[in-house]
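Examination of the molecular architecture
As a plain string of letters, each chain reads:
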Amino acid sequence: MYQVIILGTILLVSLYVSKRIHNQKLNMPPLVRYKIPIIGHTYSYLFNCEEFLKQCKKEYGDIFSIYVWGHVRTIVGKEYAQDILSRDDAFNFSVAFNKKFPGDLLLKNLGPFDPTRLLKDHITCKLDLYSERMQKSLYSATQKYIDIGDHDGPKVFNNMYHLMTRIISTPIANIFIGEEESQYEEVIKTFSEFTSDSAALLKVPPILDFIYPGLQNYFNRILVKSGLYNPATKHQDILTKHIKNQVCKRLEEKKKYGDSWKRPNDFLQDIMERDDFDPINVSYLSLADRMFALIFASIHTTAGGCANAFMDLASRPQYMQELYEEQLEVHKEADENGVLPFEALNKMKKLDSFVRESLRLVGHLTSLEHAVIKNYTFSNGLQVPKDRVVYVYADDVYQDESLQGPNPKSFEPFRHVDKNTVASKISKNYLPFGGGRHACPGRYFAINEIKFFMHNMILNYNFRTESGKVEKRKMIGPAALPSTSGIIIEKKVK
Ligand code: HEM
């Protein structure tokens, strides 16, 4: 036994030393000086991140490394940010994510799966067909969750993000798994809570990484694997049951009615009609896990985008009238149920610019973490080794006048009007959806949802911040979250 431990230790130390020696041969980005061993830059990164990063860039240049939570991370400034997004042979988003999150254990039945292909084949090309359903279910969910009785008067809502996850989940669930009402309440809850419940594992500060890099994730993996803590299980039970009911019902109905069967129009049905779907041997767990992967990518991101846009407008009542007039004009095209034609989205030019500005100033100081999957040399000669995690220095991109135009960090809602830069268009000065081959494939869907939501709110409600001031994002280290401050909402008297 002792021999095994000694041999194992020798092996690990040799591996570590040989990696260090190999990495020493690389011309790596400068490591910012730090005073306290082990803690390194963790404190400054958490509590004074904006100033800290600015200072690092000033002293060390466009690409530098810092030592946070027991890891050396490399921060890549605006000049080289596109390398991270366009060189997918060297940088990978999912590998970085899996280093800190046991996604493979939570979704262990996922199997081989190309979400981008599926979205392109079955969602993005059908956005016009789904537009009416998206609006109807978005508006009914808004009415339900922003529940203001006719005579209640103004009502204060705290934590819009939380509310938005419910509202946003309703049309997404409708389009993904159908319009069936049974168990719907439960299913919507699962759509809205799966991500935040799973992400609870990310909320624990990775203090074990101070002992050994990666130990925290290893510990989390043991928790999930042993069944001691698995936040996904209850949601998996609910969604798998729902999907099983739906699939069985559809297969039976199809058999019974043959060609006269009216197929449901949704993502689940599309998946059931793909060549790789075997009706004799259906894996419901795998179908549910595929939905969960998309839920993970779509709900909290879109809910955050909506909550931010809503808070940004509530904070700036001076723009309300102009946006109201545009929505009133656009709404003339609505049918008797208040549903707009798909093309009306293109006419919300000022609203689109507002949403783009809100996403542009989403507030993350660093973002788009990617793992280096093979040693990479930037054009300035600096090299990052395989296994390093790199971050785009987003604040550097957004502070730059040559990239953003005048007053780059001030919220100017109509700066994008008539500039051929709609909110879903990625570019090197606009990073909320990433870039390159892996740019978010759900961005058109998300922007449509945010615009329809805002259109409805601007037309039918008055809203303002409870404080009467501009509410800023909530910062946790370099990450920005929607403000949880109160918003006063009341129905418009027409
Ligand atoms: C405002 C809302 C959203 C934001 C801010 C957002 C942001 C992002 C970002 C930053 C990435 C990584 C891009 C990269 O690696 O360069 C991404 C990837 C992805 N997003 Fe979104 N997203 C949003 C909504 C959605 C929605 C609604 C869906 C699905 C309907 C979706 C599906 C995906 C998928 C499948 C990927 C992985 C793409 C790949 O690896 O090739 N996203 N998203």
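For clarity, every value in this text was computed on a predicted model and none was experimentally measured. Starting afresh in each chain, residues are numbered from 1 along the sequence in its written order. A pLDDT threshold of at least 70 governs which residues receive local features in this predicted model, and a stricter bar of 80 or more applies before side-chain atom pairs are shown or counted, although totals over entire chains, interfaces and linings include all residues.

Attention shifts here to the overall build of the chain. Runs of H or I in DSSP of at least four residues are treated as helices and runs of E of at least two as strands, each being numbered from the N terminus. Looking only at helices and strands, the chain has 21 helices and 12 strands in total. We compute the radius of gyration from the C-alpha atoms alone; for a globule the expected value is 2.2 Å times N to the 0.38, where N is the number of residues. A compact globule built from 494 residues would reach a C-alpha radius of gyration of about 23 Å, and the chain, at 24 Å, matches this within 12%. With 494 residues in all, the chain has 36% of them scored as buried. Any two residues are considered in contact once their C-beta atoms, placed from the backbone, lie within 7 Å. Across the chain, contacts joining residues at least 24 apart in sequence account for 77% of those joining residues at least 6 apart. With C-beta atoms placed from the backbone, a residue is buried if 20 or more other C-beta atoms are within 10 Å of its own, exposed if 12 or fewer are, and partly exposed between those counts.

Where helix 15 (residues 284-314) meets helix 18 (residues 349-360), the axes come as close as 9 Å, and the angle between the chain directions of the two elements is 110°. Taken as axis vectors, helix 15 and helix 18 run roughly perpendicular relative to one another. For the pair helix 15 and helix 18, contact is made by G305, N308, A309, D312 and L313 and by F354, V355, S358 and L359, respectively. Nonpolar residues are Ala, Val, Leu, Ile, Met, Phe, Trp, Tyr, Cys and Pro. Charged residues are Asp, Glu, Lys and Arg, and all others, Gly as well, are polar. Per-class residue counts for the contact of helix 15 with helix 18 are five nonpolar, three polar and one charged. Here an axis means a line fitted to C-alpha atoms, over the contact stretch when the element is a helix, while the angle between two N-to-C directions is reported on a 0 to 180 degree scale. We call two directions roughly parallel when the angle between them is under 35 degrees, roughly antiparallel when it is over 145, roughly perpendicular when it lies between 65 and 115, and oblique otherwise.

Each residue gets a C-beta atom placed from its backbone. Should that atom fall within 6 Å of a molecule or strand, the residue is termed near it. Contacts to the ligand come from 25 residues, most closely from S298, T301, G434, C440 and G442. If you list the elements that add at least two residues to the shell around the ligand, you get helix 7 (115-122), helix 15 and helix 21 (443-460). Among the elements that take part in the shell around the ligand, helix 15 stands out by supplying six residues, more than any other. Its residues placed into classes, the shell around the ligand shows 15 nonpolar, nine polar and one charged.

The next point concerns the pairing of strand 5 (residues 367-372). As a general feature of sheets, a regular strand has side chains that alternate between the two faces. Two strands form a pair only when DSSP identifies at least two bridges running between them. Sheet topology places strand 3 (residues 91-92) next to strand 5; two bridges connect them, and they run antiparallel. Bridge pairing in strand 5 places F91 opposite V372. Pairing between strand 5 and strand 8 (residues 389-392): three bridges, direction antiparallel. Across the sheet, H370 pairs through a bridge with V390, a residue of strand 8.

Packed helices, taken two at a time, are described by the angle between their axes plus the distance between the axes. Where helix 10 (residues 184-198) meets helix 15, the axes come as close as 9 Å, and the angle between the chain directions of the two elements is 85°. Taken together, the axes of helix 10 and helix 15 are roughly perpendicular relative to one another. Contacts between helix 10 and helix 15 involve F191, S192, F194, T195 and S196 on the former and, on the latter, F292, I295, F296, I299 and H300. Its residues placed into classes, the contact of helix 10 with helix 15 shows six nonpolar, four polar and no charged.

Counting 69 residues, the largest nonpolar core has M164, C306, F310, V355 and M454 as the members making the most contacts within it. The biggest single contributor to this core is helix 15, with 15 residues. Among residues more than four places away in sequence, those in contact with M454 are A309, F310, L351 and V355. Core membership is restricted to buried Ala, Val, Leu, Ile, Met, Phe, Trp, Tyr and Cys residues, and these are joined into a nonpolar core through C-beta atoms within 7 Å. Counting 31 residues, the second-largest nonpolar core is a separate cluster that includes I66, V68, V372 and V397.

Turning to the environment of S198, a few remarks are in order. Structurally, the position occupied by S198 is in helix 10. Residues S198 and M320 lie 122 residues apart in sequence; the distance between their C-alpha atoms is 37 Å.

What follows deals with the environment of P317. Relative to the helices and strands, P317 resides in the loop between helix 15 and helix 16 (320-331). Classification of P317 as partly exposed rests on a count of 13 C-beta atoms within 10 Å. Separated by 148 residues in sequence, P317 and T465 have C-alpha atoms that sit 9.2 Å apart.

Taken together, three strands build an open sheet; the order of strands is 4-12-9 and the sheet is antiparallel. Two strands bound the open sheet, and with one partner strand each, they are strand 4 (155-157) and strand 9 (461-465). Within this sheet the neighbouring strands show an average axis-to-axis angle of 30°, counted without direction. As paired strands, strand 9 and strand 12 (residues 487-491) are joined by five bridges and run antiparallel to one another. From the neighbouring strand, Y461 faces strand 12, where its bridge partner is K491.

UniProt positions are given in the numbering used here, feature names are shortened, and annotations may be inferred rather than shown by experiment. Taking the UniProt record as the reference, the feature "binding site: heme" (unreviewed entry) is found at C440. When sequence neighbours within four positions are dropped, the list of residues in contact with C440 reads F433 and G434.

The five strands are arranged 1-2-8-5-3 in an open sheet whose pairing can be described as mixed. A single partner strand is all that each edge strand has here, and the edge strands are strand 1 (63-68) and strand 3.

With that out of the way, let us pick up the environment of P231. Tracing the chain through its elements places P231 in the loop between helix 12 (215-225) and helix 13 (233-257). Sequence-wise, P231 and S196 are 35 residues apart; in three dimensions their C-alpha atoms are separated by 9.3 Å. In contact with P231, other than residues within four places in its own chain, are D197, S198 and A200.

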